[in-house]
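Secondary and tertiary structure notes
If you want the building blocks of each chain, they are given just below.
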Amino acid sequence: MTQLPTHTEKKLGLVIDLDTCVGCHACVISCKGWNTENYGAPLSDQNPYGADPSGTFLNRVHSYEVTPDEGAAMTVHFPKSCLHCEDAPCVTVCPTGASYKRVEDGIVLVNESDCIGCGLCAWACPYGAREMDQAEGVMKKCTLCVDRIYNENLPEIDREPACVRTCPSGARHFGDLGDETSDVSKLVAERGGMDLMPELGTKPVNKYLPPRPKDDQIDILAPFLETVAEEPQGFLGWLDKTLERIG
Amino acid sequence: MHPAPSIIFFTVFSGLGFGLLTFLGFGKPDYSGFTAFIFFLIAYVFAVGGLVSSTFHLGNPQRALKAFSQWRSSWLSREGCLAVAALTVMGIYAIGVVFLDTRWTLLGLVGAALSLATVFGTSMIYTQITTVPRWSHWTTPVLFILYALTGGAFLAGQTSIAAPMLLLLGVFQCVYWIIGDKLFSASGSTIETATGLGSMGKIRMFEAPHSSKNYLMKEMVHVVGRKHARTLRIIGVLCLSLLPYLLLVLPPFYHLISLLALLLHIGGALILRWLFFAEAEHTVGLYYGQR
């Protein structure tokens, strides 16, 4: 059913910390690894060893340069996957009922056996979170690793999305954003978590934590790192003086 | 957006077919028997041909029947249902006109309304896509309906209606561009809102997430086609509107000239429908520093 539920019991989602993400793409690879061999059709690649490789990914990491009005520019690595929007435009446009939002946890999923591969949901998503698999002709998207998070065959520590489990810098957090007392909700409140393109009214569940402002103060260890020799000594000193005399 | 040939063919020809069915439903032209049969045949070939063509871009067309199920929320589903309803009602109406020499007026009017509603449904598939500000505007359904009515009047041989409609369509197509060209900027979406980092400074794409083009870029960041947009707009409007108009109103009037005018009109419609997609900018382009 492609009508959106009026209320979901939970709002499971990700909180992505743009301050700590180092742009290593480990989440991209672990996502592809888990999702190509579990839920639904595999994530195919086209011409993977050729000149123009492409493939289906459910998570991609962009990198941006931020230039403030004053001060140094900085690089921000920006992982992007389905935001599991409360008002998901991808779900309502689906003509077959393949796309749906779950009432129990708010996860947006595609029932691949109903998907005709029309691509309209990918058009409707502002964020580019859905990709059509070129081999299967069905729409693929982040499932929030629905086959991990409830999987009692896995050790408890592994019952979170593959991207979160693998992130080496702790930049990805998973939890119920509908519960104000959850760790992720507290994190969002504390760090000023934000929505992407809020003007489109999609009400994303996933939140992004903005990079912390850079310190203006020089580190207390900096004096110990000062250049030891300001003036060239020894052979270089002699060379410097000689060249100056000649010049 | 990627201008897929199957979708261009679908929107242009099913629009023409349902436009002609609208006029036939109103009893214009008022033929019966074999002549009426030819008119209905053209309408059905265009309408059904267009609809069949739309299934060519599907990843799994064998499941296409499922697309009739979600009419409560999806305009694509609604369009499919409306098309089947219009073709069924007009089919029954055509039996009366062609074989029984009887015009069931009320049935014809219902069929005409359903035919026009189908074109509206097609236009709403694009209008509902808020991620493409150029499409997501009330002018899109008006444009599609004007295309269908003009082409329909033309095919129905209603020259007195077609001629002024041609001019109106040309003018409205220009209005559509004047309004549409400003809509993306007016939507307020920028790379700053897309990344949420606008409060920190100016944002520039530093490194793409992948080394070659992916599905998203091929499908929604189609910038190559916009290079000749201005030239194509001029050629398109000349073929769609002005030249056919002159051919229709300037004497002498021959059927052959009328056919030439029709072919020009359809050619213009195909060019401009290509542009309708090629010029449409999707918000996902912002993540790639493009539009």
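With an unreviewed UniProt entry as reference, chain B is termed DMSO reductase anchor subunit, source organism Litoreibacter ascidiaceicola.

The name given to chain A in an unreviewed UniProt entry is Fe-S-cluster-containing dehydrogenase component, and the organism recorded there is Litoreibacter ascidiaceicola.

Some details on the overall build of chain A
A tally of helices and strands in chain A yields seven helices and eleven strands. Scaling as 2.2 N^0.38, a compact globule of 247 residues should have a C-alpha radius of gyration of about 18 Å, whereas chain A reaches 24 Å, well beyond that.

Details of unusual backbone geometry
Omega for the bond connecting lysine 28 of chain B with proline 29 of chain B falls within 30 degrees of zero, at 0°, which places this linkage in the cis form. Take proline 29 of chain B: it is sitting in the loop between helix 1 (5-25) and helix 2 (33-54). Its identity is not glycine, yet lysine 203 of chain A carries a phi of approximately 50°, on the positive side. As for its position among the elements, lysine 203 of chain A is in the loop between helix 6 (183-191) and strand 11 (207-209). Accessibility expressed as a C-beta count within 10 Å gives 13 for lysine 203 of chain A, which makes it partly exposed.

What about the pairing of strand 4 (residues 59-67) of chain A?
Two elements, strand 4 of chain A and strand 5 (residues 74-81) of chain A, share eight bridges in a ladder whose sense is antiparallel. Residue pairing for strand 5 of chain A: arginine 60 of chain A is matched across the bridge by lysine 80 of chain A. Following strand 4 of chain A, the chain reverses through six residues before pairing antiparallel with strand 5 of chain A; glycine 71 of chain A in that reversal takes a positive phi of roughly 95°. Summarising the sheet, strand 4 of chain A and strand 1 (residues 202-207) of chain B pair through five bridges and their orientation is antiparallel. Along strand 1 of chain B, the bridge assignment pairs serine 63 of chain A with glutamate 207 of chain B.

Focus: the nonpolar core
Counting residues in hydrophobic clusters, the biggest one holds 150 residues, and the most contacted among them are Cys121 of chain A together with Leu20 and Ala86 of chain B. With twelve residues, the single largest contributor to this core is helix 3 (residues 75-99) of chain B. Apart from residues lying up to four places away in sequence, alanine 86 of chain B is in contact with Phe18, Leu21, Gly111, Leu114, Ser115 and Thr118 of chain B.

Brief notes about the sheet that holds strand 1 of chain B
Strand order in the open sheet formed by three strands is 5(A)-4(A)-1(B), with antiparallel pairing between adjacent strands. In this open sheet, the two edge strands, each paired with only one partner strand, are strand 5 of chain A together with strand 1 of chain B. Neighbour-to-neighbour, the strand axes of the sheet open up by a mean angle of 40°, direction not taken into account. With respect to the sheet, helix 1 (residues 26-36) of chain A is in contact with strand 4 and strand 5 of chain A, its orientation differing from that of strand 4 of chain A by roughly 165°.

What counts, and where the lines are drawn
The numbering scheme is per chain: residues are counted from 1 as the chain's sequence reads. Going through the entries in the order they are written, you letter the chains from A and number the ligands from 1. Where local features are concerned, this predicted model is filtered to residues with pLDDT of at least 70; where side-chain atom pairs are given and counted, the filter is 80 or more; whole-chain, interface and lining totals use all residues. Only DSSP runs of H or I reaching four residues or more are called helices, and only runs of E reaching two or more are called strands; each is numbered from the N terminus. The globule rule used here is 2.2 Å times the number of residues to the 0.38 power, and the radius of gyration it is set against is calculated over C-alpha atoms. Using C-beta atoms placed from the backbone, we call a residue buried if 20 or more other C-beta atoms fall within 10 Å of its own, exposed if 12 or fewer do, and partly exposed for counts in between. For two strands to count as paired, DSSP must find a minimum of two bridges between them. We define a nonpolar core as a collection of buried residues of the types Ala, Val, Leu, Ile, Met, Phe, Trp, Tyr and Cys that are connected via C-beta atoms lying within 7 Å of each other. Residue pairs are scored as contacts if the distance between their C-beta atoms, which are placed from the backbone, is within 7 Å. Angles run from 0 to 180 degrees between N-to-C directions of axes, and those axes are lines fitted to C-alpha atoms, restricted for helices to the stretch in contact.

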